[in-house]
Amino acid sequence: MRFEEALAFEIELIPALANKVFPLVVSADKTAPYVAYVSNEGVKLKTLTGYINSKSISAEVSIVAKTYPEMKQLTSLVTESIISFQTRAIGDGTLYVQDVILSEPQEGYDVEPDLYRSTIPFQVYL
């Protein structure tokens, strides 16, 4: 299982976000709340003896909601979900996360669709 699939699987365990987690761009017909995510392929880690079978992946999730309180609550739930990745297998159990490093969420309001957004950048080490 790829990291993106495992990430979506884990976040969809949050009842309010079941079947509401999408890669990159969310189509206009989807209603909030939902999560959009993006990540890179990662970089293989290197030791003094060469590259090892581990990598670092940078990712970002954006939580979108109709109200500010709903966005805050979902941000907290998604943050706890991501934190729970540390030192366990995620998704279907084939990806083991050694470490998680979170950055501070950035909040905003999108005027055109009238939605609140919280974006959480993070890094995982597999």
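Since the structure is predicted, the reported quantities are computational estimates derived from the model, not experimental observations.

A. Highlighting the overall build of the protein. Helix and strand counts for the protein come out as two helices and nine strands. Ordered by position in the sequence, the α and β elements of the protein form the string α-β-β-β-β-α-β-β-β-β-β. For the protein, the C-alpha radius of gyration of 15 Å lies close to 14 Å, the compact-globule estimate for 126 residues. For the C-alpha atoms alone, the extent of the protein along its principal axes is close to 55 × 25 × 25 Å. Per-residue burial for the protein yields a buried fraction of 38% across its 126 residues. Long-range contacts, defined here as pairs at least 24 residues apart, represent 54% of the contacts in the protein between residues at least 6 apart. Surface exposure of the protein reaches about 7,200 Å², of which carbon and sulfur atoms provide 55%.

B. Up close: the packing of aromatic side chains. By the definition in use, this model includes four aromatic pairs. Residues Tyr 68 and Tyr 116 carry aromatic rings whose centres are separated by 5.9 Å and whose planes lie at 65° to one another, so their mutual orientation is edge-to-face. A residue pair is termed long-range when its members are at least 10 positions apart, and Tyr 68 in helix H2 (residues 68-83) and Tyr 116 in strand E9 (residues 115-125) qualify at 48 residues. An aromatic cluster is built from Tyr 68, Tyr 109 and Tyr 116, whose rings are joined through pairwise contacts.

Basis of the calculations
Residues numbered from 1 in each chain as written. Predicted model: local features only at pLDDT ≥ 70, side-chain atom pairs only at ≥ 80, totals over all residues. Heavy atoms only, no water. Helix = DSSP H or I, 4+ residues; strand = E, 2+ residues; numbered from the N terminus. Rg over C-alpha atoms; globule rule 2.2 N^0.38 Å. Buried < 20%, exposed > 50% of the residue type's maximum accessible area, 1.4 Å probe, protein only. Contact = heavy atoms within 4.5 Å. Areas by Shrake-Rupley, 256 points an atom, 1.4 Å probe, with all protein chains shown as cover. Phe/Tyr/Trp six-rings, centres within 6.5 Å; stacked < 30°, edge-to-face > 60°.

The quantities given are spatial measurements derived from coordinates; they are silent on function.
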